[in-house]
Amino acid sequence: MEIIIAIIGLWIAWITYHRTFDTTEDKNNFLVYFKVTQQLHLEVQSLLQKYIDSNNGANHKLYNNMTYKQCLNMLKDDFQTDYSDKVYVLAKNDKVMTKKMFATLIEKVEAKNQTLQKLKTQLLYLN
C-alpha cells in the first residue's frame, strides 16, 4: 500500500512540476510568434522601402509626426534590437525564463504583430 501511495505522490509531483516549471510549451509558442512577427516585420520594411522608392516618398508624411523614412528607420532599429536572428537564438537558448516571463514576451510579440498588421494593411492600400 505504501508503494502505491509513493507512486501516486511521485506522479502528482511530476504533473505539478510540469504545470508549474516546465516552460517547453511556452518557449515553443513564443518562438513561433517571434518568427511570424519577425517575417512580418521584414515584409512591412520592404513595403515601406517600395513605397519610398516608387514614389520618391522618403519625406512624405505617413502620420502627422512621422515620414515614411522615419518609420522605416524606426522599424529597422526595432528589428535589430528586438526581432533579429541574434535575439531569437538568445531566447531559444535561454534556460532561466519562467512561464510568466514567456507569457509577458508572448503578449509583447502579439501586440507588435497587431501593430505591424495594421501598418501592412495601410501600406498595401497605398501601393
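Residues numbered from 1 in each chain as written. Predicted model: local features only at pLDDT ≥ 70, side-chain atom pairs only at ≥ 80, totals over all residues. Heavy atoms only, no water.

Caption draft 1: Representation of the overall build of the chain in the model. Regarding its fold elements, the chain presents 5 helices and 2 strands. When the elements of the chain are put in sequence order from the N terminus, they spell out α-α-β-β-α-α-α. Burial analysis of the chain (127 residues in total) assigns 31% to the buried set. For the chain, the exposed surface amounts to about 8,900 Å²; the carbon and sulfur share of it is 59%. (Helix = DSSP H or I, 4+ residues; strand = E, 2+ residues; numbered from the N terminus. Buried < 20%, exposed > 50% of the residue type's maximum accessible area, 1.4 Å probe, protein only. Areas by Shrake-Rupley, 256 points an atom, 1.4 Å probe, with all protein chains shown as cover.)

Caption draft 2: View of the confidence of the model for the chain. Put simply, the chain has an average pLDDT of 89, and 87% of its residues get 70 or more. Averaged pLDDT values over the elements of the chain bottom out at 66 in helix α1 (residues 2–20) and peak at 96 in helix α3 (residues 68–83). (pLDDT = per-residue confidence, 0-100.)

Caption draft 3: Up close: unusual backbone geometry. A positive phi angle, close to 45 degrees, is found at asparagine 56, a residue other than glycine. Relative to the helices and strands, asparagine 56 resides in the loop between α2 (24–55) and β1 (61–63).

Caption draft 4: Up close: the side chain of threonine 37. Looking at where threonine 37 falls in the secondary structure, it is placed in helix α2. Overall, threonine 37 belongs to the buried group, its relative accessible area being 1%. Aside from chain neighbours lying at most four places away, what touches threonine 37 is Tyr83, Val109, Lys112, Asn113 and Leu116. (Contact = heavy atoms within 4.5 Å.)

Caption draft 5: Inspection of the side chain of threonine 23 at higher detail. Relative to the assigned elements, threonine 23 resides in the loop between α1 and α2. Other than its neighbours up to four places away in sequence, threonine 23 contacts Met97, Thr98, Lys99 and Phe102.

Caption draft 6: Expanded view of the nonpolar core. If you look at the biggest cluster of nonpolar residues, it comprises 15 residues, and the most contacted ones within it are Val44, Leu48, Tyr68, Cys71, Leu75, Leu119 and Leu123. Contributing elements (two or more residues each) for this core: α2, α3 and α5 (99–126). With sequence-adjacent residues up to four places away left out, leucine 123 is seen in contact with Val44, Leu47, Leu48 and Tyr68. By size, the runner-up hydrophobic cluster in this structure holds 11 residues, among which are Leu31, Phe102, Ile106 and Val109. (Core = buried A, V, L, I, M, F, W, Y, C linked by side-chain atoms within 4.5 Å.)

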